[in-house]
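Observations on the model geometry
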Amino acid sequence: MRSPKRYIAMVAVARRGFTLIELLVTMALLAIMLALAAPSFVTFQRNSELTASANSFVAALSAARAEAMKRQLRTFVIPASGATNWASGWRVFVDVDANVTSGSMAPSSADIVVSQQPALPDSVSVNTSTIATPFVDSGVAYAMFNGSGFMTTLAGGFVTNGLELTNGTESRRIIANTTGRLRVCKPADADCNTGGGF
């Protein structure tokens, strides 16, 4: 015959699980932690998309400048839609046949398309109201580098340009000076303007 103490010890060892109350408390705590972390994650994701978009535009400008110097030809970065809407994405191409004009910005069949960027994420938009020259010349949006790597206009003048991307709470400004030097900064920074020093 078993002693009552030994029987109770065996039953206690056999019950190694969670009760329903313990499981519900754990699930409630997990739900609360996820609810607190979700807004932070959304902000992180939007800031990440903003930074990636700004860096992608800088990469496109850098590729255009490098191709211009390598081939000693004019190279353009234009909005993918062909209008002034940079939010639609952008295209980098080398103007091999030198036929690009302000009336015809699209690359011809002889031109070399270096890269294409799809439209910006929905959370990122272009803020054109804060910069005097957002890569637009005479109503046409483009960035052009000559064979020496300098940023110029179709008329031949040297320009300093900028473009500001925003996600509603944060902004990034891409600035390119006449020598083709590029940088990304936050508009709140003291030297983050198209006239600021590099």
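Above this note sits the structure.
Considering the overall build of the protein chain
- Regarding its fold elements, the protein chain presents two helices and eleven strands.
- Mapped in sequence order, the helices and strands of the protein chain form the string α-α-β-β-β-β-β-β-β-β-β-β-β.
- Looking at the 198 residues of the protein chain, the share that counts as buried comes to 33%.
- Considering only residue pairs separated by 6 or more positions, the protein chain has 51% of its internal contacts joining residues 24 or more positions apart.
- Accessible area for the protein chain stands at about 11300 Å²; split by element, carbon and sulfur atoms hold 60% of it.

Some words on the packing of aromatic side chains
- For the coordinates displayed, the defined rule picks out seven aromatic pairs.
- Summarising the aromatic geometry, the rings of F57 and W86 are spaced 5.2 Å apart at their centres and angled 80 degrees between planes, so their arrangement reads as edge-to-face. In this pair, F57 is assigned in helix α2 (residues 20-71) and W86 in the loop between β1 (75-79) and β2 (90-94), connecting sequence segments 29 residues apart.
- Judged by its relative accessible area of 2%, W86 falls in the buried class.
- Seen in terms of ring centroids, W86 and F135 are 6.3 Å apart; in terms of plane orientation they differ by 70 degrees. Their pairing is edge-to-face. In this pair, W86 is assigned in the loop between β1 and β2 and F135 in the loop between β4 (125-127) and β5 (136-137), connecting sequence segments 49 residues apart.
- Each residue in the set F57, W86, W90 and F135 is aromatic and connected to the rest through ring pairs, giving one cluster.

Details of the state of the cysteines
- A complete count under the given rule lists one disulfide for this structure.
- Across the disulfide, C185 is cross-linked to C192 (sulfur-sulfur distance 1.9 Å). Taking the torsion about the S-S bond as the criterion, the C185 to C192 disulfide, at about 75 degrees, is right-handed. With respect to class, C185 is no different from C192; both count as buried.

Observations concerning the environment of C185
- Inspection of the secondary structure puts C185 in strand β11 (residues 182-185).
- Under the relative-accessibility criterion, C185 is labelled buried at 7%.
- Separated by 14 residues in the primary sequence, C185 and S171 place their C-alpha atoms 8.6 Å from one another.
- Leave out the neighbours within four places in its chain, and C185 touches S171, R172, R173, I175 and C192.

Quick word on the sheet that holds β4
- Taken in spatial order, the four strands make up an open sheet running β4-β9-β10-β11, and their pairing is antiparallel. Two strands in the sheet have a free side with no partner beyond their single neighbour: β4 and β11. For this sheet, the mean inter-axis angle between neighbouring strands, taken without regard to orientation, is 25 degrees.
- As judged from the four bridges shared by strand β10 (residues 171-176) and β11, these two strands associate in the antiparallel manner. Across the sheet, residue A176 finds its bridge partner in β11, namely L182.

A short note on α2
- Compared with the 76 Å implied by 1.5 Å per residue over 52 residues, the 72 Å span of α2 between its first and last C-alpha is a close match.
- In the structure, α2 departs most strongly from a straight axis at A37, where the bend amounts to approximately 30 degrees and where the proline P39 lies between one and four residues downstream.
- Regarding α2, the residues found buried are L50, S53, A54, S56, F57, V58, A60, L61, A64, E67 and A68.
- Just downstream of α2 lies Q72, where phi reads positive at about 55 degrees.

Rules used in this analysis
- Residues numbered from 1 in each chain as written.
- Predicted model: local features only at pLDDT ≥ 70, side-chain atom pairs only at ≥ 80, totals over all residues.
- Heavy atoms only, no water.
- Helix = DSSP H or I, 4+ residues; strand = E, 2+ residues; numbered from the N terminus.
- Buried < 20%, exposed > 50% of the residue type's maximum accessible area, 1.4 Å probe, protein only.
- Contact = heavy atoms within 4.5 Å.
- Areas by Shrake-Rupley, 256 points an atom, 1.4 Å probe, with all protein chains shown as cover.
- Phe/Tyr/Trp six-rings, centres within 6.5 Å; stacked < 30°, edge-to-face > 60°.
- Disulfide = S-S within 2.5 Å.
- Pairing = 2+ DSSP bridges.
- Axes fitted to C-alpha atoms, helices over the stretch in contact; angles between N-to-C directions.
- Expected span 1.5 Å × (residues − 1).
- Bend = angle between axes of the 7 residues up to and from the residue.

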